[in-house]
Amino acid sequence: MELTQEVGGLLVSLGIGLLMGVERERRKGTGADRRFAGIRTFALTCLAGGLAQASGIDGVVLLGAVLVAGLTLLAYARTRPGDPGATTEVALFVAYLLGATAIASPALAAAVGAMVTLLLAAREHLHRFSTDWLTQGELRDALILTGIALAVLPLLPNRPMVGEFLNPHLLARLVVVLLVLQAMGHVAKRLLGERHGLVLAGFFSGFVSSTATIATMAARARRHPAERAGCMRAAIASNVATMVLLLMVAGTVRPDWVAALWLPALCGALVAAACALPGARAAGHAAKPDPQRSAISLREALAIAMVLTLVQFAAQWLKLRFGTGGLAVAAGFAGLADLHAAVAALLVQAPEVPSGAAVRVLALPVGIAVVANGLSKVVAAYTAGDAGFALRLAPVLCGVSGAFLGVLWFAPLPAA
């Protein structure tokens, strides 16, 4: 190891110790009741970790860790009974480890040191969040979501179980996405109120899956009729994200075609935004938490995931049964499952440089894909919600599709 690297690592160790020590010094207090360890103790402990690692002597780092651990345990034993917290003691041991890490990986140690200091400084906010803001139902839902994502999902086989269909891993991943969408809507509503919160949640969730967002909002509207208007605006707002994502996909597959698609996509997005924003401009107050109310619904997420899986299954079966000889029919099948995948497949087969004639040829299959995707969204809204929600959503989707296709057909690029 070069001397300059060791010096740099020691400087990083000292910097981490000073950073953490300053934060702890401000909470240390004064007089006989002052707490254990401040800026000097943290700086020296962190620097000691760096020196132990830089010495290269076997067992020195372990010996230092034992000494620091013993010191922290002694300090904790002498803590007043009225203050059983051990944050400072644990932080001091972490500082020693960071000091040792800084010799081999100064960037990692500095990043972790900054995060640890932020965690220490956010004590009041974290305590208020866990005791005052977070409800018992939300904590339970967070544990369920975490358990599915971190424990169940990795254990499921990532292969089709029936032919080329029913991949348990993909199905569980879709359920996790749906649960996250539900949680996003709940958190946004808590923070921003029903009007603003649900609309923003619907827009950002639309980048993950507009169909899933619509199904989630339809189910939420059925469970909570008082939020029906906000859920409808959120479902419509997800279509704004659909148009934006369509342009992003086109720019990835065929960048030259963005010039032909940006205006149709913009018009479709404006129609969706115009339908989603009225009534959402009035300021909404943060929702009062209901301790018994759940942020997620696992049963509804499973039902929606199965519906979307069946739609994809049907689209794939139709393609296998009737073939893909007709580009328009194939685009309609693909659009049932995912609009962006359908458009990407069509653009791959299109000329690299768009012309007026090429745009007209592409307009029909793209139009069928857009209509099929809108139909799948209406079906998802009806299945997860009710007929009223689906019937109110259908004209909006027709307007979005009509604006996109009308501009695409009547304003093509001039012939090359």
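Bear in mind that the values here come from a model prediction, so they are computed numbers and not experimental data.

1. As for the confidence of the model for the protein
Should pLDDT be low for a region, the predicted coordinates there are not to be read in detail. Taken over all residues, the pLDDT of the protein has a mean of 75, while the share at 70 or more is 69%. Per-residue pLDDT stays below 50 along residues 281-287; that stretch engages in 17 contacts with residues further than four places along the chain or on separate chains.

2. Some words on helix α4 (residues 87-104)
Taking 1.5 Å as the rise per residue, α4 with 18 residues should run 26 Å; its terminal C-alpha atoms sit 26 Å apart, in good agreement. Those residues of α4 that fall on the buried side of the exposure criterion are Thr88, Glu89, Ala91, Leu92, Ala95, Tyr96, Leu98, Gly99, Ala100, Ala102 and Ile103.

3. Observations concerning the pattern of salt bridges
All told, the structure shown has 2 salt bridges when counted by the stated rule. Linking Glu227 and Arg220 is a salt bridge whose minimum nitrogen-to-oxygen distance equals 2.7 Å. For Glu227, a relative accessible area of 4% gives the class buried. Relative accessible area serves as the criterion here: at 6%, Arg220 is assigned to the buried category. Between Asp386 and Arg228 there is a salt bridge whose closest N-O contact spans 2.7 Å. Separated by 158 residues along the polypeptide, Asp386 in the loop between α15 (356-384) and α16 (387-410) and Arg228 in helix α10 (residues 228-253) bring together distant segments of the chain. The exposure class of Arg228 is partly exposed, given its relative accessible area of 25%.

4. Observations regarding empty space enclosed by the protein
All chains considered together, the criterion is met by 3 cavities of 30 Å³ or more. The space that makes up the largest cavity amounts to roughly 90 Å³. Lining the largest cavity are Asn239, Thr242, Met243, Leu339, Val370, Asn373, Gly374, Lys377, Leu397, Val400 and Ser401. Those elements giving two or more residues to the lining of the largest cavity turn out to be α10, α15 and α16. Tallying contributions element by element places α15 first for the lining of the largest cavity, with 4 residues. Here the lining of the largest cavity is composed, by residue class, of 5 nonpolar, 5 polar and 1 charged.

Rules and cut-offs
- Residues numbered from 1 in each chain as written.
- Predicted model: local features only at pLDDT ≥ 70, side-chain atom pairs only at ≥ 80, totals over all residues.
- Heavy atoms only, no water.
- pLDDT = per-residue confidence, 0-100.
- Contact = heavy atoms within 4.5 Å.
- Helix = DSSP H or I, 4+ residues; strand = E, 2+ residues; numbered from the N terminus.
- Expected span 1.5 Å × (residues − 1).
- Buried < 20%, exposed > 50% of the residue type's maximum accessible area, 1.4 Å probe, protein only.
- Salt bridge = Lys/Arg side-chain N within 4 Å of Asp/Glu carboxyl O.
- 1 Å grid on protein atoms, 1.4 Å probe; cavity = no way out; pocket = protein on both sides within 12 Å on 5 of 7 lines; lining within 4 Å.
- Points joined across faces, edges and corners; volume = space filled by probe spheres on them.
- Nonpolar A, V, L, I, M, F, W, Y, C, P; charged D, E, K, R; others polar.

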